Structures are given as structure tokens and as C-alpha cells.
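Chain by chain, the residues run as shown.
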Amino acid sequence: MTHTLPLPDFTHERVEVITGRRSGLFIAVALHSSVLGSALGGARLWTYPHWSDGLGDALRLSAAMTLKNATAGLDAGGGKAVIGLEPGTVLDAERRRAAFLDLGDAVESFDGLYRTAEDVGSTMDDMAVVGERTTHVVGLPDSSGGSGEPAGPTSLGVYESLRAVLERTTGSADVAGRRITISGLGQVGGRLAVRLSAEGALLTVTDVNPERRHLAGELGATWAEPGAEHLVPSDVFVPAGIGGLLTDEVIDALETSAVCGPANNPLASHSGADRLAARGIVYAPDFVVNAGGVIYLDNEAKQRGTRAEIMERVSQIGDTVRRILADSEERGITPLAAAEELAAERLRVGVAAPVLG
């Protein structure tokens, strides 16, 4: 499911749009900011109604990566790549390989100012293909000397964020017995569902792909029809699919105490944060919650600590969320505004030192 979202202000340093010479596919690489260092952001392979929708996605996602990397305390800027498919397009193995070779050439043209990684629709194996054309790629398979799958670290960061939100709304970080709705059972949402189920959460889950319904059965979770999951009463609603889910209409009908999930740009409009606050729904900003993957990939690529040490840094995302929620309450602003201000301050100073814990 793709939602139409507004374009961000154009403050990007550089945007390249090409037709892949091998694949014939639309490819966009958007470098939003390199103030804090070489930009880091994944490569999304997705179907769009029109090529301009793919470009818009690259612009939005790259701007969000600047916020994400800044609030995560990384010395990395924000960027994103998109390979856009026309509706109905199915890639065979040969054309898929061609697409990621084309992406590798596009990334290489940025001379190290943008580093790519896997994202929605792409895999570690795809990144290995990109690596045939450029060295500016992270998240390669372990077998290739890379850092491996980042979905695990991302899921850990979401889990710790969710615990922080529960602590704020219920007084306890314990997930046992809490009603949690997960919208999207991909690499991150699926991992999160498995962990929460094991810890005794009462899960409602859904995904636009009906084949994911089997996971609900395996976990003893309730399956909700896609598009109706927000109507199920919950303690925390977890958007874990494509962005733009939280429209004004959805927010007004949302039956939850809090929103905390890994989906990029879950708010259909920026004003959605105010709308959630007006209803008394706590909102943990997506670019803070889902930063586990980039924290892991950036530190692994720069060999900053063992994997265990890096995962400990990922787990500290929960403390970051606690600080943002406390600042929001103390100052009477939304958590989104509090997180954006912290990112803006770090970008203004322009130094590679963490603002948040």
C-alpha cells in the first residue's frame, strides 16, 4: 500500500534521477545533508503509480534520514535511494541484478558523500551486487565480510522505544498483558511480533500481504483486516509498514494510548503530531524509534566497538525516547517538535557529537 504524502521543503544538497542503462528502471538518489558527514540511508525498491511518486519518496525519506542520523548521534548525514517500478512490474533475477548494478553506478557518482544499504524491498544480497560497482555500501552479507542484516538492530530499538512509551503511559515498561497492535509484518515488524508474543503481550497484527497471516496463527495473535487495525483498542499502536498510514481520519478514529513504530514517515501530514497530542495519544517520533539499523550499520562500518557493544548503543534508543517524552511534557510541545529541535541544534553546531543518549 502506498500513501500519497506531501513533498518536503527542497533543502537537499544534490539529487540525481536516472534511467538505469542496464535495467531501464527509474532510479533516484537524494543527498539531503552531509553536514555531519557522509550521508547514510537505504535503497528502497518499490512500486509507484508514477515516477514522480518515487522521486517524492526519495526526497521525503532522505530528509528524514538527516533527522534520524542527527538524533542518533552519528557523524553521518541523510540520504536515500529509490528504485521505482511501474505498477504490475515483476523483476526476474537478471533484471533485478541489472537494477542494483545501475544503483551502484549512481551511488559511486556521489564520490563517497552517500552510502547506501538495504531498505524496504531490497536485501543484503542486492547490496552485494551494488558492491560490485561501488565501495560506498554497508550492510553486506557476513559471508562477504559485511555487517549482515540490520533488521534485528532496528527491531531492538523499536522494542526498547515501546518499553519507554509504556513506562510513560502505564508506569511500567513490562509488555506482558499489554495490548499491542502491529500494522506491518515485514523484517522488523515480524521480529518485533515474535519477541512481544514471547514476553506475553496480547497482539493484534496485520499486513497487506495475506501470506503473512500465518505468523498470527503461529504466535496466537489476533489478525485484523488491513485498514481496520487502528480501530482495535490497544495500549500501543505500532505502524511498521509503508509511510502515511496516520491520516487525519485514522488519527481521529485511532483506539490507542500511544503510537510507536518503525515505519518511516507514518504521519500523513506534519500536523498529525498535534492531532495525536490533542487526543492525548503519546507519539514516539519514527526517526528516533527506528534508528537501530543505522546506528548498527554506521558503527560496524567504522569498526567502533564489538557487535555486543554496538547493540548496547542501539538499546539506548529507549533512553533517548524517555528524554524526548520528558522534554515534550515539561515544555508543553509535541514529542515530534522536541526531537526535531534536538536534531536541528546538532545540525546547526555541525559537529559529530551525540546530542542524545
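Quick note: structure is the one above.
Here is a short report on the structure shown in this document. Keep in mind that this is a model prediction, so the values were computed, not measured.

Conventions we followed
- Residues numbered from 1 in each chain as written.
- Predicted model: local features only at pLDDT ≥ 70, side-chain atom pairs only at ≥ 80, totals over all residues.
- Heavy atoms only, no water.
- Axes fitted to C-alpha atoms, helices over the stretch in contact; angles between N-to-C directions.
- Helix = DSSP H or I, 4+ residues; strand = E, 2+ residues; numbered from the N terminus.
- Parallel < 35°, antiparallel > 145°, perpendicular 65-115°, else oblique.
- Left-handed = near helix turned anticlockwise from the far one by under 90°.
- Contact = heavy atoms within 4.5 Å.
- Pairing = 2+ DSSP bridges.
- Salt bridge = Lys/Arg side-chain N within 4 Å of Asp/Glu carboxyl O.

Overview of the packing of helix α4 (residues 151-170) against helix α5 (residues 187-198)
So, step 1. Look at α4 against α5: their axes get within 9 Å of each other, and the N-to-C directions meet at 55°. Judged on the interaxial angle alone, α5 and α4 are oblique. Read as a crossing pair, α4 and α5 show a hand that is right-handed. Of the residues in α5, those in contact with A151, G152, T154, S155, L156, V158, Y159 and L162 of α4 are Q187, V188, R191, L192, R195 and L196.

Quick word on the pairing of strand β1 (residues 14-19)
So, step 1. Of the pairings in the sheet, the one linking β1 to strand β2 (residues 26-33) comprises 6 bridges and is antiparallel in character. Its bridge partner lying in β2, V17 is registered against A28.
So, step 2. Taking the residues between adjacent antiparallel strands as the criterion, β1 and β2 are bridged by 6 residues, where G24 takes a positive phi near 75°.

Quick notes on the pattern of salt bridges
So, step 1. For the structure on display, the rule yields 27 salt bridges.
So, step 2. R22 is the partner of D105 in a salt bridge, and the nearest nitrogen-oxygen pair spans 2.9 Å. Of this pair, D105 sits in helix α2 (residues 93-108) while R22 is found in the loop between β1 and β2, placing the two residues 83 residues apart along the sequence.
So, step 3. With a shortest N-O distance of 2.5 Å, R168 and E329 are connected by a salt bridge. Of the two residues, R168 sits in helix α4 while E329 sits in helix α12 (residues 317-331), which places them 161 residues apart along the sequence.

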